[in-house]
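Architecture at a glance
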Amino acid sequence: MNMNTSTRKMTSRLSFEPSPLSLPRDTIIIGRKETVSSSLDKILPLLVSTKDDDNEEGGQSSSSSSDQHRPILEAMMKSIGKSGKATTFLPSSSVSKLSLIILPDKVSRNNHSMSPHTITESLQGLVEKSENVQIHVMDGDMEKNMGAVAVAIARAFPVYSSKSSSNTTKKMQKNSAEEEETIKEQNVSVAFHEGNGELVEKEKLWDSARAVADGVRLACRLGDMPPAELTPEKYAQECRRIAQELEGVEFEEIVGEDLREKGYGGVFGVGMGAKDAPRLVIMKYTPKDVDVGEGMDVENIVLCGKGVVYDTGGLSLKPKTGMCGMKHDMGGSAGVLGGFKAAVELKVPKKITLILGIVENAIGPDSVRNDDILTMYSGKSVEINNTDAEGRLVLADCVAHASKHIDGANIILDMATLTGAQLVTTGKKHAGILTKTAQLEKRIFDCGMVSGDLCFPMLYAPELLKSEFASKVADMKNSVKDRGNAQSSCAGHFIESHLDASYQGDWVHVDMAGPATKNERATGYGVALVLSLLQAPGFWHH
(Lines give C-alpha, C1' and ligand atoms only; values in the text may rest on other atoms or scores of the structure.)
Protein backbone atom coordinates (compact mmCIF):
# COMPACT_ATOMS: atom_id res chain seq x y z
CA MET A 1 0.00 0.00 0.00
CA ASN A 2 1.49 3.33 -1.08
CA MET A 3 0.95 5.95 1.59
CA ASN A 4 2.54 9.36 1.05
CA THR A 5 4.51 10.46 4.07
CA SER A 6 4.76 14.09 3.00
CA THR A 7 2.47 16.46 1.18
CA ARG A 8 3.37 17.41 -2.36
CA LYS A 9 1.98 20.76 -3.39
CA MET A 10 1.01 22.23 -6.71
CA THR A 11 3.59 24.80 -7.66
CA SER A 12 1.38 27.86 -8.06
CA ARG A 13 2.39 30.94 -6.11
CA LEU A 14 -0.46 33.38 -5.67
CA SER A 15 0.30 36.99 -4.78
CA PHE A 16 -1.68 40.22 -4.56
CA GLU A 17 0.48 43.15 -5.62
CA PRO A 18 -0.21 46.59 -7.10
CA SER A 19 2.91 46.19 -9.28
CA PRO A 20 2.15 43.76 -12.13
CA LEU A 21 4.50 41.04 -13.33
CA SER A 22 7.05 42.40 -15.79
CA LEU A 23 6.85 39.44 -18.17
CA PRO A 24 3.44 37.74 -17.90
CA ARG A 25 2.72 35.19 -20.60
CA ASP A 26 -1.00 35.23 -19.79
CA THR A 27 -3.08 38.22 -18.81
CA ILE A 28 -6.66 37.96 -17.55
CA ILE A 29 -9.02 40.92 -17.26
CA ILE A 30 -12.05 40.50 -14.98
CA GLY A 31 -14.92 42.94 -14.60
CA ARG A 32 -18.38 43.98 -15.70
CA LYS A 33 -18.68 44.95 -19.36
CA GLU A 34 -19.40 48.62 -18.69
CA THR A 35 -16.40 48.93 -16.36
CA VAL A 36 -14.01 47.21 -18.76
CA SER A 37 -15.30 49.23 -21.71
CA SER A 38 -14.90 52.57 -19.93
CA SER A 39 -11.39 51.64 -18.74
CA LEU A 40 -9.87 50.58 -22.07
CA ASP A 41 -7.32 53.41 -22.03
CA LYS A 42 -6.04 52.07 -18.69
CA ILE A 43 -6.27 48.40 -19.68
CA LEU A 44 -4.41 48.52 -22.99
CA PRO A 45 -1.04 49.57 -21.51
CA LEU A 46 -1.32 46.59 -19.15
CA LEU A 47 -1.01 44.28 -22.15
CA VAL A 48 2.46 45.59 -22.93
CA SER A 49 5.28 44.38 -20.69
CA THR A 50 7.27 46.94 -18.73
CA LYS A 51 10.29 45.36 -20.45
CA ASP A 52 8.90 46.48 -23.80
CA ASP A 53 9.21 50.12 -22.77
CA ASP A 54 12.98 49.58 -22.40
CA ASN A 55 13.21 48.14 -25.90
CA GLU A 56 11.20 50.65 -27.95
CA GLU A 57 14.22 51.84 -29.93
CA GLY A 58 14.30 50.02 -33.26
CA GLY A 59 11.09 48.20 -32.48
CA GLN A 60 7.36 48.71 -32.02
CA SER A 61 6.43 51.28 -29.36
CA SER A 62 4.13 50.41 -26.48
CA SER A 63 1.64 53.03 -27.66
CA SER A 64 1.37 51.52 -31.14
CA SER A 65 0.97 48.06 -29.58
CA SER A 66 -1.87 49.42 -27.47
CA ASP A 67 -3.56 50.84 -30.56
CA GLN A 68 -3.21 47.46 -32.24
CA HIS A 69 -4.79 45.66 -29.28
CA ARG A 70 -7.82 47.95 -28.91
CA PRO A 71 -9.93 46.41 -31.74
CA ILE A 72 -9.02 42.93 -30.48
CA LEU A 73 -10.28 43.68 -26.97
CA GLU A 74 -13.42 45.36 -28.33
CA ALA A 75 -14.13 42.33 -30.52
CA MET A 76 -13.69 40.02 -27.53
CA MET A 77 -16.21 42.01 -25.50
CA LYS A 78 -18.68 41.96 -28.37
CA SER A 79 -18.32 38.18 -28.75
CA ILE A 80 -19.09 37.53 -25.08
CA GLY A 81 -22.49 39.19 -24.84
CA LYS A 82 -23.80 40.04 -21.35
CA SER A 83 -21.41 37.75 -19.46
CA GLY A 84 -18.93 34.98 -20.13
CA LYS A 85 -15.31 34.64 -21.20
CA ALA A 86 -13.15 34.78 -24.30
CA THR A 87 -9.48 34.05 -25.01
CA THR A 88 -7.17 35.09 -27.84
CA PHE A 89 -3.49 35.27 -28.68
CA LEU A 90 -1.99 38.71 -29.18
CA PRO A 91 0.38 39.59 -32.04
CA SER A 92 3.53 41.62 -31.41
CA SER A 93 3.19 41.53 -27.65
CA SER A 94 5.04 40.09 -24.67
CA VAL A 95 1.63 38.89 -23.47
CA SER A 96 1.03 35.82 -25.61
CA LYS A 97 -2.49 35.08 -24.39
CA LEU A 98 -5.26 37.40 -23.27
CA SER A 99 -8.43 36.23 -21.53
CA LEU A 100 -11.40 38.38 -20.73
CA ILE A 101 -13.96 37.41 -18.08
CA ILE A 102 -17.09 39.56 -18.17
CA LEU A 103 -19.20 39.35 -15.02
CA PRO A 104 -23.00 39.72 -15.08
CA ASP A 105 -24.29 43.26 -14.57
CA LYS A 106 -27.08 42.08 -12.28
CA VAL A 107 -27.44 39.24 -9.80
CA SER A 108 -30.29 38.13 -7.55
CA ARG A 109 -30.68 39.53 -4.04
CA ASN A 110 -29.21 36.36 -2.48
CA ASN A 111 -25.97 36.47 -4.45
CA HIS A 112 -22.86 38.61 -4.04
CA SER A 113 -22.77 41.51 -6.49
CA MET A 114 -19.47 40.32 -8.02
CA SER A 115 -20.80 36.78 -8.58
CA PRO A 116 -17.69 35.16 -7.02
CA HIS A 117 -18.67 31.66 -8.12
CA THR A 118 -18.56 32.90 -11.72
CA ILE A 119 -15.01 34.19 -11.18
CA THR A 120 -13.79 30.88 -9.73
CA GLU A 121 -15.45 28.72 -12.37
CA SER A 122 -14.22 30.94 -15.20
CA LEU A 123 -10.62 30.86 -13.99
CA GLN A 124 -10.44 27.11 -13.37
CA GLY A 125 -8.63 25.39 -16.21
CA LEU A 126 -7.90 28.68 -17.98
CA VAL A 127 -4.22 28.90 -17.05
CA GLU A 128 -3.27 25.45 -15.80
CA LYS A 129 -0.07 25.21 -17.89
CA SER A 130 0.92 28.88 -17.81
CA GLU A 131 4.03 29.90 -15.89
CA ASN A 132 3.45 33.63 -15.37
CA VAL A 133 -0.12 34.87 -15.10
CA GLN A 134 -1.25 38.41 -14.40
CA ILE A 135 -4.87 38.97 -13.32
CA HIS A 136 -6.43 42.45 -13.30
CA VAL A 137 -9.81 42.89 -11.59
CA MET A 138 -11.81 46.08 -12.10
CA ASP A 139 -14.96 47.35 -10.44
CA GLY A 140 -16.55 50.62 -9.42
CA ASP A 141 -16.90 49.28 -5.86
CA MET A 142 -13.57 47.47 -5.78
CA GLU A 143 -12.68 48.51 -2.23
CA LYS A 144 -15.94 47.02 -0.99
CA ASN A 145 -15.60 43.82 -3.04
CA MET A 146 -11.88 43.17 -2.83
CA GLY A 147 -12.04 40.50 -0.13
CA ALA A 148 -14.71 38.42 -1.84
CA VAL A 149 -12.85 38.58 -5.16
CA ALA A 150 -9.58 37.52 -3.51
CA VAL A 151 -11.37 34.46 -2.10
CA ALA A 152 -12.87 33.59 -5.49
CA ILE A 153 -9.47 33.76 -7.16
CA ALA A 154 -7.73 31.76 -4.41
CA ARG A 155 -10.24 28.93 -4.90
CA ALA A 156 -9.29 28.66 -8.57
CA PHE A 157 -5.68 27.74 -7.72
CA PRO A 158 -5.72 24.66 -5.44
CA VAL A 159 -2.63 23.76 -3.47
CA TYR A 160 -2.54 20.03 -2.77
CA SER A 161 -1.54 17.44 -5.36
CA SER A 162 0.16 14.05 -5.37
CA LYS A 163 0.36 13.98 -9.16
CA SER A 164 3.71 13.47 -10.84
CA SER A 165 4.53 14.96 -14.24
CA SER A 166 5.63 12.75 -17.13
CA ASN A 167 9.08 14.33 -16.80
CA THR A 168 9.19 13.42 -13.13
CA THR A 169 8.13 9.83 -13.84
CA LYS A 170 10.86 9.41 -16.45
CA LYS A 171 13.46 10.95 -14.15
CA MET A 172 12.51 8.64 -11.29
CA GLN A 173 12.69 5.61 -13.61
CA LYS A 174 16.12 6.73 -14.82
CA ASN A 175 17.51 7.33 -11.36
CA SER A 176 15.39 6.16 -8.46
CA ALA A 177 17.58 8.13 -6.05
CA GLU A 178 16.44 11.40 -7.63
CA GLU A 179 12.88 12.20 -6.63
CA GLU A 180 12.78 15.96 -7.07
CA GLU A 181 9.92 17.14 -9.22
CA THR A 182 10.73 19.12 -12.34
CA ILE A 183 7.50 21.11 -12.64
CA LYS A 184 8.20 24.82 -12.98
CA GLU A 185 6.67 27.15 -10.47
CA GLN A 186 3.60 29.02 -11.66
CA ASN A 187 3.47 32.67 -10.63
CA VAL A 188 0.00 34.20 -10.43
CA SER A 189 -0.20 37.88 -9.53
CA VAL A 190 -3.45 39.76 -8.92
CA ALA A 191 -4.00 43.52 -9.11
CA PHE A 192 -7.20 45.32 -8.07
CA HIS A 193 -8.41 48.41 -9.90
CA GLU A 194 -11.19 50.91 -9.31
CA GLY A 195 -13.80 51.50 -11.99
CA ASN A 196 -11.63 54.19 -13.59
CA GLY A 197 -8.74 51.75 -13.96
CA GLU A 198 -6.66 53.21 -11.13
CA LEU A 199 -5.14 50.81 -8.62
CA VAL A 200 -6.72 50.45 -5.20
CA GLU A 201 -4.59 52.50 -2.80
CA LYS A 202 -5.51 51.32 0.71
CA GLU A 203 -2.73 49.04 1.92
CA LYS A 204 -5.02 47.49 4.58
CA LEU A 205 -7.21 46.07 1.83
CA TRP A 206 -4.22 44.50 0.08
CA ASP A 207 -3.18 42.97 3.41
CA SER A 208 -6.67 41.55 3.88
CA ALA A 209 -6.66 40.08 0.38
CA ARG A 210 -3.35 38.35 1.06
CA ALA A 211 -4.43 37.07 4.47
CA VAL A 212 -7.78 35.68 3.33
CA ALA A 213 -6.25 34.03 0.26
CA ASP A 214 -3.61 32.34 2.42
CA GLY A 215 -6.34 31.23 4.83
CA VAL A 216 -8.49 29.83 2.02
CA ARG A 217 -5.55 27.99 0.47
CA LEU A 218 -4.64 26.57 3.89
CA ALA A 219 -8.20 25.29 4.35
CA CYS A 220 -8.24 23.88 0.81
CA ARG A 221 -4.90 22.12 1.27
CA LEU A 222 -6.00 20.51 4.54
CA GLY A 223 -9.34 19.51 3.05
CA ASP A 224 -7.77 17.89 -0.01
CA MET A 225 -5.15 15.90 1.92
CA PRO A 226 -5.91 12.15 2.07
CA PRO A 227 -6.62 10.70 5.52
CA ALA A 228 -3.33 8.79 5.54
CA GLU A 229 -1.56 12.17 5.48
CA LEU A 230 -3.92 14.22 7.65
CA THR A 231 -4.42 12.00 10.67
CA PRO A 232 -5.78 13.52 13.89
CA GLU A 233 -2.23 13.72 15.25
CA LYS A 234 -0.83 15.40 12.13
CA TYR A 235 -3.77 17.81 11.98
CA ALA A 236 -3.08 18.85 15.57
CA GLN A 237 0.59 19.31 14.68
CA GLU A 238 -0.46 21.67 11.88
CA CYS A 239 -2.50 23.65 14.39
CA ARG A 240 0.41 23.80 16.83
CA ARG A 241 2.75 25.03 14.08
CA ILE A 242 0.30 27.76 13.10
CA ALA A 243 -0.09 28.84 16.72
CA GLN A 244 3.68 29.06 17.14
CA GLU A 245 3.98 31.26 14.05
CA LEU A 246 1.28 33.69 15.20
CA GLU A 247 1.89 36.43 17.73
CA GLY A 248 -0.17 36.39 20.91
CA VAL A 249 -1.74 32.92 20.48
CA GLU A 250 -1.97 30.32 23.24
CA PHE A 251 -2.23 26.63 22.36
CA GLU A 252 -3.77 23.79 24.35
CA GLU A 253 -4.50 20.19 23.42
CA ILE A 254 -6.50 17.52 25.26
CA VAL A 255 -5.79 14.04 23.90
CA GLY A 256 -7.12 10.50 24.21
CA GLU A 257 -7.73 9.19 27.71
CA ASP A 258 -7.52 12.71 29.11
CA LEU A 259 -10.68 13.49 27.14
CA ARG A 260 -12.52 10.62 28.77
CA GLU A 261 -11.27 11.47 32.24
CA LYS A 262 -12.32 15.10 31.86
CA GLY A 263 -15.77 14.17 30.57
CA TYR A 264 -15.59 14.90 26.83
CA GLY A 265 -17.69 11.87 25.99
CA GLY A 266 -18.70 13.08 22.54
CA VAL A 267 -15.23 13.70 21.13
CA PHE A 268 -13.76 10.64 22.82
CA GLY A 269 -16.67 8.37 21.92
CA VAL A 270 -16.54 9.21 18.21
CA GLY A 271 -12.77 8.87 17.93
CA MET A 272 -11.98 5.98 20.28
CA GLY A 273 -12.18 3.34 17.52
CA ALA A 274 -9.41 4.91 15.43
CA LYS A 275 -5.65 4.24 15.48
CA ASP A 276 -4.94 7.90 16.24
CA ALA A 277 -6.36 9.23 19.49
CA PRO A 278 -9.10 11.89 19.33
CA ARG A 279 -8.24 15.35 20.57
CA LEU A 280 -9.61 18.78 21.41
CA VAL A 281 -7.42 21.66 20.18
CA ILE A 282 -7.89 25.09 21.77
CA MET A 283 -6.20 28.26 20.51
CA LYS A 284 -6.73 31.68 22.11
CA TYR A 285 -5.93 35.15 20.81
CA THR A 286 -6.12 38.33 22.86
CA PRO A 287 -5.43 41.61 21.02
CA LYS A 288 -3.10 44.21 22.53
CA ASP A 289 -3.85 47.88 23.20
CA VAL A 290 -7.36 47.91 21.73
CA ASP A 291 -9.46 51.04 22.12
CA VAL A 292 -13.12 50.18 21.49
CA GLY A 293 -14.58 53.26 23.13
CA GLU A 294 -15.47 54.32 26.63
CA GLY A 295 -17.65 51.86 28.53
CA MET A 296 -17.37 49.19 25.82
CA ASP A 297 -15.73 45.76 25.98
CA VAL A 298 -13.76 44.01 23.26
CA GLU A 299 -16.10 41.56 21.52
CA ASN A 300 -15.32 37.98 22.50
CA ILE A 301 -16.04 35.38 19.82
CA VAL A 302 -15.57 31.59 19.96
CA LEU A 303 -15.13 29.56 16.76
CA CYS A 304 -15.84 25.81 16.99
CA GLY A 305 -15.07 23.42 14.15
CA LYS A 306 -15.91 19.82 13.31
CA GLY A 307 -12.61 18.16 12.46
CA VAL A 308 -13.55 14.64 11.39
CA VAL A 309 -10.51 13.84 9.23
CA TYR A 310 -12.26 10.79 7.81
CA ASP A 311 -15.80 9.52 8.25
CA THR A 312 -16.49 5.88 7.48
CA GLY A 313 -19.86 6.25 9.18
CA GLY A 314 -18.56 4.05 11.99
CA LEU A 315 -20.52 0.85 12.55
CA SER A 316 -23.38 2.52 10.65
CA LEU A 317 -21.09 2.05 7.68
CA LYS A 318 -21.44 4.30 4.66
CA PRO A 319 -21.83 2.63 1.24
CA LYS A 320 -18.81 2.67 -1.07
CA THR A 321 -20.20 5.54 -3.16
CA GLY A 322 -21.09 7.51 -0.06
CA MET A 323 -17.71 7.16 1.63
CA CYS A 324 -15.50 8.63 -1.12
CA GLY A 325 -14.82 12.26 -0.39
CA MET A 326 -15.25 11.92 3.36
CA LYS A 327 -11.74 13.33 3.80
CA HIS A 328 -13.60 16.65 3.38
CA ASP A 329 -15.63 16.04 6.55
CA MET A 330 -13.19 18.25 8.44
CA GLY A 331 -14.11 21.25 6.24
CA GLY A 332 -15.77 23.15 9.06
CA SER A 333 -12.65 23.01 11.22
CA ALA A 334 -10.46 24.04 8.27
CA GLY A 335 -12.73 27.03 7.59
CA VAL A 336 -12.59 28.38 11.15
CA LEU A 337 -8.85 27.60 11.42
CA GLY A 338 -8.08 29.53 8.23
CA GLY A 339 -10.29 32.40 9.40
CA PHE A 340 -8.63 32.45 12.83
CA LYS A 341 -5.15 32.52 11.30
CA ALA A 342 -6.03 35.35 8.90
CA ALA A 343 -7.72 37.38 11.65
CA VAL A 344 -4.71 37.14 13.95
CA GLU A 345 -2.35 38.12 11.13
CA LEU A 346 -4.53 41.18 10.50
CA LYS A 347 -4.57 41.98 14.23
CA VAL A 348 -8.36 42.11 14.35
CA PRO A 349 -9.44 43.88 17.57
CA LYS A 350 -11.46 40.94 18.93
CA LYS A 351 -10.86 38.26 21.52
CA ILE A 352 -10.96 35.01 19.56
CA THR A 353 -10.97 31.42 20.80
CA LEU A 354 -10.71 28.51 18.37
CA ILE A 355 -11.93 25.07 19.49
CA LEU A 356 -11.49 22.11 17.15
CA GLY A 357 -12.76 18.60 17.78
CA ILE A 358 -10.33 16.45 15.77
CA VAL A 359 -11.20 12.78 15.34
CA GLU A 360 -11.44 9.94 12.85
CA ASN A 361 -14.75 8.08 12.77
CA ALA A 362 -13.28 4.64 12.14
CA ILE A 363 -14.31 1.02 12.61
CA GLY A 364 -12.47 -1.06 15.18
CA PRO A 365 -12.99 -3.20 18.27
CA ASP A 366 -13.33 -0.06 20.40
CA SER A 367 -15.76 1.78 18.12
CA VAL A 368 -18.88 3.25 19.65
CA ARG A 369 -21.96 1.13 18.88
CA ASN A 370 -25.56 1.90 18.18
CA ASP A 371 -27.40 1.51 21.52
CA ASP A 372 -24.36 2.75 23.46
CA ILE A 373 -24.93 5.77 25.72
CA LEU A 374 -22.37 8.57 25.88
CA THR A 375 -22.18 11.12 28.65
CA MET A 376 -21.29 14.45 27.06
CA TYR A 377 -19.23 17.33 28.45
CA SER A 378 -22.52 19.13 29.05
CA GLY A 379 -23.43 16.36 31.50
CA LYS A 380 -26.29 15.15 29.31
CA SER A 381 -26.57 11.55 28.17
CA VAL A 382 -26.99 10.58 24.51
CA GLU A 383 -28.23 7.23 23.22
CA ILE A 384 -26.51 6.42 19.93
CA ASN A 385 -28.92 5.36 17.22
CA ASN A 386 -26.69 6.29 14.28
CA THR A 387 -22.88 6.26 14.51
CA ASP A 388 -22.85 8.18 11.22
CA ALA A 389 -24.38 11.20 12.98
CA GLU A 390 -21.05 11.79 14.69
CA GLY A 391 -20.26 15.42 13.91
CA ARG A 392 -22.93 16.77 16.23
CA LEU A 393 -21.44 14.72 19.10
CA VAL A 394 -18.05 16.31 18.51
CA LEU A 395 -19.43 19.84 18.22
CA ALA A 396 -21.68 19.37 21.25
CA ASP A 397 -18.56 18.94 23.39
CA CYS A 398 -16.91 21.92 21.69
CA VAL A 399 -19.78 24.32 22.42
CA ALA A 400 -20.17 22.92 25.93
CA HIS A 401 -16.51 23.70 26.60
CA ALA A 402 -16.91 27.18 25.10
CA SER A 403 -20.02 28.03 27.11
CA LYS A 404 -18.49 26.76 30.38
CA HIS A 405 -14.93 28.03 30.17
CA ILE A 406 -14.67 31.07 27.89
CA ASP A 407 -15.53 33.92 30.22
CA GLY A 408 -17.49 36.74 28.65
CA ALA A 409 -18.07 35.03 25.31
CA ASN A 410 -20.50 37.10 23.23
CA ILE A 411 -20.95 34.71 20.31
CA ILE A 412 -20.27 31.01 19.89
CA LEU A 413 -20.15 29.92 16.25
CA ASP A 414 -19.90 26.28 15.24
CA MET A 415 -19.16 25.26 11.66
CA ALA A 416 -19.47 21.81 10.11
CA THR A 417 -20.17 19.69 7.09
CA LEU A 418 -22.99 18.33 9.22
CA THR A 419 -25.92 17.08 7.13
CA GLY A 420 -26.55 16.08 3.55
CA ALA A 421 -29.99 17.57 4.07
CA GLN A 422 -28.40 21.04 4.12
CA LEU A 423 -27.97 20.80 0.35
CA VAL A 424 -31.72 20.27 0.03
CA THR A 425 -32.44 23.08 2.49
CA THR A 426 -30.23 25.90 1.16
CA GLY A 427 -28.35 24.45 -1.82
CA LYS A 428 -24.76 23.79 -2.84
CA LYS A 429 -23.53 27.38 -2.78
CA HIS A 430 -25.23 28.68 0.38
CA ALA A 431 -24.52 27.31 3.84
CA GLY A 432 -27.48 26.91 6.17
CA ILE A 433 -27.37 29.02 9.35
CA LEU A 434 -29.30 28.44 12.57
CA THR A 435 -29.24 31.19 15.18
CA LYS A 436 -30.75 31.93 18.56
CA THR A 437 -31.66 35.53 17.69
CA ALA A 438 -32.91 37.36 14.63
CA GLN A 439 -30.21 39.98 15.22
CA LEU A 440 -27.37 37.47 14.85
CA GLU A 441 -29.16 35.77 11.97
CA LYS A 442 -29.14 39.05 10.04
CA ARG A 443 -25.52 39.73 10.97
CA ILE A 444 -24.32 36.34 9.70
CA PHE A 445 -26.43 36.59 6.54
CA ASP A 446 -24.94 40.03 5.85
CA CYS A 447 -21.46 38.60 6.51
CA GLY A 448 -22.12 36.07 3.78
CA MET A 449 -23.22 38.75 1.35
CA VAL A 450 -20.12 40.86 2.05
CA SER A 451 -17.57 38.03 2.06
CA GLY A 452 -18.95 35.90 -0.76
CA ASP A 453 -19.26 32.91 1.61
CA LEU A 454 -22.99 32.89 1.03
CA CYS A 455 -25.45 31.56 3.62
CA PHE A 456 -29.17 31.52 4.29
CA PRO A 457 -31.27 31.03 7.44
CA MET A 458 -32.81 27.70 8.39
CA LEU A 459 -35.87 27.14 10.55
CA TYR A 460 -35.25 27.92 14.23
CA ALA A 461 -37.86 26.19 16.42
CA PRO A 462 -36.28 23.97 19.10
CA GLU A 463 -39.51 23.47 21.03
CA LEU A 464 -41.17 22.04 17.89
CA LEU A 465 -38.28 19.80 16.88
CA LYS A 466 -36.69 18.45 20.08
CA SER A 467 -39.08 15.47 20.18
CA GLU A 468 -37.19 14.07 17.17
CA PHE A 469 -34.44 13.03 19.60
CA ALA A 470 -36.66 11.48 22.30
CA SER A 471 -35.07 8.50 24.07
CA LYS A 472 -36.51 6.03 26.60
CA VAL A 473 -33.18 5.47 28.34
CA ALA A 474 -31.15 8.69 27.93
CA ASP A 475 -31.65 12.44 27.74
CA MET A 476 -31.73 12.24 23.94
CA LYS A 477 -30.76 10.19 20.92
CA ASN A 478 -28.22 11.52 18.44
CA SER A 479 -30.26 11.14 15.25
CA VAL A 480 -33.80 12.10 14.29
CA LYS A 481 -36.65 9.64 13.97
CA ASP A 482 -38.21 11.53 11.03
CA ARG A 483 -35.76 12.68 8.34
CA GLY A 484 -38.54 14.61 6.64
CA ASN A 485 -38.94 17.05 9.54
CA ALA A 486 -36.40 19.90 9.12
CA GLN A 487 -33.50 17.50 9.56
CA SER A 488 -30.72 20.12 9.24
CA SER A 489 -32.36 22.37 11.82
CA CYS A 490 -32.77 19.40 14.16
CA ALA A 491 -29.06 18.61 13.93
CA GLY A 492 -28.22 22.20 14.82
CA HIS A 493 -30.63 22.17 17.74
CA PHE A 494 -28.94 19.02 19.03
CA ILE A 495 -25.67 20.96 19.27
CA GLU A 496 -27.44 23.95 20.84
CA SER A 497 -28.92 21.77 23.57
CA HIS A 498 -25.42 21.21 24.95
CA LEU A 499 -24.69 24.88 25.59
CA ASP A 500 -24.27 25.42 29.31
CA ALA A 501 -27.40 26.76 31.04
CA SER A 502 -25.37 29.65 32.47
CA TYR A 503 -24.31 30.92 29.03
CA GLN A 504 -25.81 34.34 28.30
CA GLY A 505 -24.32 35.03 24.87
CA ASP A 506 -25.56 34.28 21.36
CA TRP A 507 -24.99 31.20 19.23
CA VAL A 508 -24.95 30.37 15.52
CA HIS A 509 -24.60 27.05 13.74
CA VAL A 510 -23.21 27.00 10.17
CA ASP A 511 -23.91 23.83 8.18
CA MET A 512 -21.71 24.10 5.08
CA ALA A 513 -21.90 20.56 3.70
CA GLY A 514 -22.82 21.92 0.26
CA PRO A 515 -20.38 24.80 -0.30
CA ALA A 516 -17.46 22.98 1.37
CA THR A 517 -16.55 21.19 -1.87
CA LYS A 518 -16.75 21.69 -5.61
CA ASN A 519 -15.67 19.14 -8.24
CA GLU A 520 -13.98 16.90 -5.64
CA ARG A 521 -11.93 19.80 -4.28
CA ALA A 522 -12.20 21.64 -0.98
CA THR A 523 -13.27 25.27 -1.40
CA GLY A 524 -12.02 26.78 1.85
CA TYR A 525 -15.55 27.91 2.64
CA GLY A 526 -15.85 29.65 6.00
CA VAL A 527 -12.56 31.56 6.09
CA ALA A 528 -14.08 34.72 4.63
CA LEU A 529 -17.31 34.33 6.60
CA VAL A 530 -15.28 34.28 9.83
CA LEU A 531 -13.30 37.36 8.78
CA SER A 532 -16.53 39.20 8.08
CA LEU A 533 -17.96 38.21 11.48
CA LEU A 534 -14.74 39.50 13.05
CA GLN A 535 -15.06 42.73 11.03
CA ALA A 536 -11.66 42.50 9.36
CA PRO A 537 -10.75 45.30 6.92
CA GLY A 538 -12.43 44.72 3.57
CA PHE A 539 -14.91 42.22 5.03
CA TRP A 540 -17.50 44.41 6.67
CA HIS A 541 -19.35 47.60 5.81
CA HIS A 542 -20.28 50.27 8.33
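Notes on the structure in this doc start here. Please read these numbers as outputs of a predicted model, since none were measured by experiment.

Thresholds applied
Residues numbered from 1 in each chain as written. Predicted model: local features only at pLDDT ≥ 70, side-chain atom pairs only at ≥ 80, totals over all residues. Heavy atoms only, no water. Core = buried A, V, L, I, M, F, W, Y, C linked by side-chain atoms within 4.5 Å. Buried < 20%, exposed > 50% of the residue type's maximum accessible area, 1.4 Å probe, protein only. Helix = DSSP H or I, 4+ residues; strand = E, 2+ residues; numbered from the N terminus. Contact = heavy atoms within 4.5 Å. Pairing = 2+ DSSP bridges. Axes fitted to C-alpha atoms, helices over the stretch in contact; angles between N-to-C directions. Salt bridge = Lys/Arg side-chain N within 4 Å of Asp/Glu carboxyl O. Phe/Tyr/Trp six-rings, centres within 6.5 Å; stacked < 30°, edge-to-face > 60°.

This part takes up the nonpolar core. Grouped together as the largest cluster of nonpolar side chains are 94 residues, with contacts concentrated most on I135, F192 and Y235. Per-element tally for this core: the top contributor is helix α8 (residues 203-224), with eleven residues. The contact partners of I135, leaving out residues within four places of it in the chain, are I28, I30, L123, I153, F157, V188, S189, V190 and A191. Counting residues in hydrophobic clusters, the runner-up holds 45 residues, among them C304, V308, V480 and F494.

Read across the open sheet, the eight strands follow the order β7-β8-β10-β9-β13-β17-β14-β15; overall the sheet is mixed. The sheet is open, and its two borders are formed by β7 (249-255) and β15 (455-457), each paired with just one other strand. Direction aside, the axes of adjacent strands within the sheet are offset by 20° on average. Pairing geometry for strand β9 (residues 300-311) and strand β13 (residues 411-416), over five bridges, is parallel. Counted as the bridge partner of G305 is M415 from β13.

Before going further, it helps to spend a moment on the pairing of strand β5 (residues 132-139). Among the eight residues of β5, seven are classified as buried, and the element is accordingly described as predominantly covered. One ladder, built from five bridges, connects strand β2 (residues 26-32) with β5; its direction is parallel. Each bridged residue has a counterpart across the sheet, and for I30 the counterpart in β5 is V137. Pairing geometry for β5 and strand β6 (residues 186-194), over eight bridges, is parallel. Bridge pairing in β6 places I135 opposite V190.

A full pass over the atoms with the stated rule returns 27 salt bridges. Residue E299 is joined to R443 by a salt bridge in which the shortest nitrogen-to-oxygen separation is 2.9 Å. Of this pair, E299 sits in the loop between β8 (279-285) and β9 while R443 sits in helix α16 (residues 438-451), and the two are 144 residues apart along the sequence. Using a relative accessible area of 24% as the deciding quantity, one classes R443 as partly exposed. Put simply, K306 and D329 hold a salt bridge, and the shortest N to O gap is 3.0 Å. Here K306 is found in strand β9, whereas its partner D329 is found in the loop between α12 (320-323) and α13 (331-345), with 23 residues between them in sequence.

This structure, assessed with the given rule, holds five aromatic pairs. Judged by centre distance (5.8 Å) and plane angle (0°), the rings of F16 and F192 are stacked. A residue pair is termed long-range when its members are at least 10 positions apart, and F16 in strand β1 (residues 12-16) and F192 in strand β6 qualify at 176 residues. Here the two residues F16 and F192 agree in accessibility, since each one is buried.

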